[in-house]
Every structure is written in structure tokens, then in C-alpha cells.
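Understanding the architecture of this molecule
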Amino acid sequence: MQKHDSIYVTEISDGRWIAYDIPGNIGWIIYFVCCARLFHAGLQPHALIALIPALGMLLGIVELIAERVQKLDRILPKRRLLRGFGLLALSGILGMLVSLITFPLRGTLAAWMLVGAFLCAFFSALLFWGYRRKDPEDGILGI
């Protein structure tokens, strides 16, 4: 951990965590499936643009898996919080914009992309906003 990296802790209950986590996961899965279907239809500019949020989502997911492996679920350095839940939320927002741009070209598929991106962004943001900065005096830095 870097010397200047603030620590963030969440007090979200397990039930609420699961209630946010499951629809958020469903969201990025929907978005990925829709991106795959865009490519199945042919390599077009809107398919390539849709990869940008998908890549961000993938990087956020990899970060969150790495955090779980290190048992950092509820206590995160700021940079890991931003690379995990922050990147997922931002990528979901970007995915919504891409979906709206793609809508005139792909209709129903773009609508599903929008739903997936929204679920990913909304529930990742709820988890992100559940974290609070902790001061070293709070005794939480014994990790």
C-alpha cells in the first residue's frame, strides 16, 4: 500500500451487499453478451465503440476479483476502490451512452445493452458510495 493512499471501509450489510452485487453482475453480463452479438453481426464502428465500456467493466471486475482473493472486500485503499467499483460504475455510464448512440442502428439489442449498462453502473455506484474514508486514528489500519 502506498504511503498516501487513504483507506476506505464499508459497513454495508451482507444482505445489502448481495442485493447490490447480483443485479450489478447481471448488468455487466448482459452488456458483454450484447457486445458479443454486435460482433457476431459484423465488425462495424458501433461494435468497436461498445468495446470501450466492456473493457473498462472487465478491468473493474478483474480488480474486484483480485481484492476478494486478498480478502480486501470491505477495507480498500482508495486506488483499489476507484479501480474496482469506480471503474465499473464509470464504464456502466459510458456503456449507457454507447447504447443510446447505437440504438438507431441496433434497436432491441441496444436497448438490452442500455439495461445491462444501467444495472452495472447503478449497483456498482451504490457499493462505491457505501465506502467511507477512515482515519489512521480509527485503528482500522492494522491490516
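Use the structure listed above.
Summary of the structure given here. (Residues numbered from 1 in each chain as written. Predicted model: local features only at pLDDT ≥ 70, side-chain atom pairs only at ≥ 80, totals over all residues. Heavy atoms only, no water.)

A word on the packing of aromatic side chains
Considering all chains together, one arrives at six aromatic pairs under this definition. Aromatic pair Tyr20 and Phe123: ring centres 6.2 Å apart, planes at 40°, arrangement tilted. You can see Tyr20 sitting in helix H1 (residues 14-40) and its partner Phe123 sitting in helix H4 (residues 108-129), a full 103 residues away along the chain. Overall, the relative accessible area of 15% leaves Phe123 in the buried class. Ring centres 5.0 Å apart and planes at 85° place the aromatic pair Phe122 and Phe123 in the edge-to-face group. By way of ring pairs, the aromatic residues Tyr20, Phe118, Phe122 and Phe123 are connected into one cluster. (Phe/Tyr/Trp six-rings, centres within 6.5 Å; stacked < 30°, edge-to-face > 60°. Helix = DSSP H or I, 4+ residues; strand = E, 2+ residues; numbered from the N terminus. Buried < 20%, exposed > 50% of the residue type's maximum accessible area, 1.4 Å probe, protein only.)

Comments concerning the environment of Ile26
Within the fold, Ile26 resides in helix H1. With relative accessibility at 42%, the residue Ile26 sits in the partly exposed group. Taking the C-alpha atoms as reference points, Ile26 and Val115, separated by 89 residues in sequence, lie 9.8 Å from one another.

Brief notes about the state of the cysteines
For the coordinates displayed, the defined rule picks out zero disulfides. In this model Cys34 remains outside any disulfide bridge; the closest cysteine sulfur is found in Cys35, 7.4 Å from its own. Here Cys34 falls in the buried class, since its relative accessible area comes to 5%. The thiol of Cys120 is not disulfide-bonded; the next cysteine sulfur, from Cys35, is found 11 Å away. A residue is classified by how much of its surface remains accessible, and Cys120, at 0% relative accessible area, is buried. (Disulfide = S-S within 2.5 Å.)

What to know about the pairing of strand E1 (residues 7-10)
Residues Ile7 and Val9 line one face of E1 and the alternating positions Tyr8 and Thr10 line the opposite face, and both faces are buried. Bridge count for E1 against strand E2 (residues 75-77) is three bridges, and the pairing is antiparallel. If you follow Tyr8 over to E2, its bridge partner there is Leu76. Alignment of E1 against strand E3 (residues 131-134), held across four bridges, turns out to be antiparallel. Counterpart to Thr10 in the pairing with E3 is Tyr131. (Pairing = 2+ DSSP bridges.)

Some points on the nonpolar core
Ranked by size, the top nonpolar core spans 32 residues in total, and within it Tyr31, Ala50, Phe85, Met113 and Tyr131 carry the most contacts. Elements represented by at least two residues in this core include exactly H1, helix H2 (45-69), helix H3 (78-106) and H4. If sequence neighbours within four positions are ignored, Ala50 has contacts with Tyr31, Cys35, Leu38, Val98 and Met113. (Core = buried A, V, L, I, M, F, W, Y, C linked by side-chain atoms within 4.5 Å. Contact = heavy atoms within 4.5 Å.)

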